[in-house]
Amino acid sequence: GNSVTQMEGPVTLSEEAFLTINCTYTATGYPSLFWYVQYPGEGLQLLLKATKADDKGSNKGFEATYRKETTSFHLEKGSVQVSDSAVYFCALSNAGGTSYGKLTFGQGTILTVHP
Amino acid sequence: ETGVTQSPTHLIKTRGQQVTLRCSSQSGHNTVSWYQQALGQGPQFIFQYYREEENGRGNFPPRFSGLQFPNYSSELNVNALELDDSALYLCASSFHGEPKALHFGNGTRLTVT
């Protein structure tokens, strides 16, 4: 079956530090990969996505590259801000058949950024 | 554009009771998926509804059931509540065939005592 493993948190950084959150996956076929962010008291928001190998997703200064050879989709940001403090989830989807709405999520990584 | 809305936002129930959670999909979306997010965990897929029928299900027992209505809104029903059902329940909508554009609501926080 599908599974997603994220680096254990929480992660605590100072403002303007470099961020990496590791994500590796196990899946059949060629899944699409996602990063979602969850702010306190809110639902999940799509941060970025990549649908095939070597694609790079990017949004709001965050980037992640779909690496099929290492089955990874690590999230990076060059300079974090206090407003980036949230929980980050890596997820995958095998599109097709009955799987259209089914995402498999990692356990989440809590990021706290201090001024 | 109206986003995904869920009601109620919070709910407290007693073990053995039944609960109904509601979700209005984003305008233009015809598919609704439900997820359970236990504290400190990632969301777990419960099931998806399309054309008013269940269209895919995760590893949840039959006491978790759902409905989708002609206006694409949806309900999640849980019977015989257990303490472990305490979680944030998330609804997500999308347009069938475009799984890369799931939009989530803010969730319903269910506490079972």
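The structure we're discussing is the one just above.
Residues numbered from 1 in each chain as written. Chains lettered and ligands numbered in written order. Predicted model: local features only at pLDDT ≥ 70, side-chain atom pairs only at ≥ 80, totals over all residues. Heavy atoms only, no water.

**Student:** Can you break down the packing of aromatic side chains residue by residue, with the values?
**Tutor:** Counted by the stated rule, this structure contains twelve aromatic pairs over all chains. Centroid distance Y25 of chain A to Y66 of chain A: 6.1 Å. Interplanar angle 85°. Geometry classified as edge-to-face. Of this pair, Y25 of chain A sits in strand β4 (residues 23-26) while Y66 of chain A is found in the loop between β8 (62-65) and β9 (75-77), placing the two residues 41 residues apart along the sequence. Given a relative accessible area of 8%, Y25 of chain A falls into the buried group. With 5.1 Å between their ring centres and 65° between their planes, F60 of chain B and F64 of chain B make a pair best called edge-to-face. Of the two residues, F60 of chain B and F64 of chain B, both sit in the buried class. Feature note: the residues F34, Y36, F89 and F105 of chain A together with Y35, F45 and F104 of chain B constitute an aromatic cluster, connected by ring pairs. (Phe/Tyr/Trp six-rings, centres within 6.5 Å; stacked < 30°, edge-to-face > 60°. Helix = DSSP H or I, 4+ residues; strand = E, 2+ residues; numbered from the N terminus. Buried < 20%, exposed > 50% of the residue type's maximum accessible area, 1.4 Å probe, protein only.)

**Student:** Lay out the interface of chain B and chain A with the relevant residues and their values.
**Tutor:** Each partner contributes residues to the interface: chain B has 21 residues there, and chain A has 22 residues. In this structure, the connection of chain B to chain A is made through zero salt bridges. On inspection of chain B and its partner chain A, the count reaches three residue pairs in polar contact (both at pLDDT 80 or more). For the side of chain B that touches chain A, the elements supplying multiple residues, two or more each, are β4 (31-37), β5 (44-50), β6 (53-57) and β9 (87-94) of chain B. Of all the elements, β4 of chain B adds the most residues to the side of chain B that touches chain A, at three residues. Looking at the side of chain B that touches chain A, its residues break down into eight nonpolar, twelve polar and one charged. (Contact = heavy atoms within 4.5 Å. Salt bridge = Lys/Arg side-chain N within 4 Å of Asp/Glu carboxyl O. Polar contact = N/O pair within 3.5 Å; in protein donor to acceptor, adjacent residues only side chain to side chain. Nonpolar A, V, L, I, M, F, W, Y, C, P; charged D, E, K, R; others polar.)

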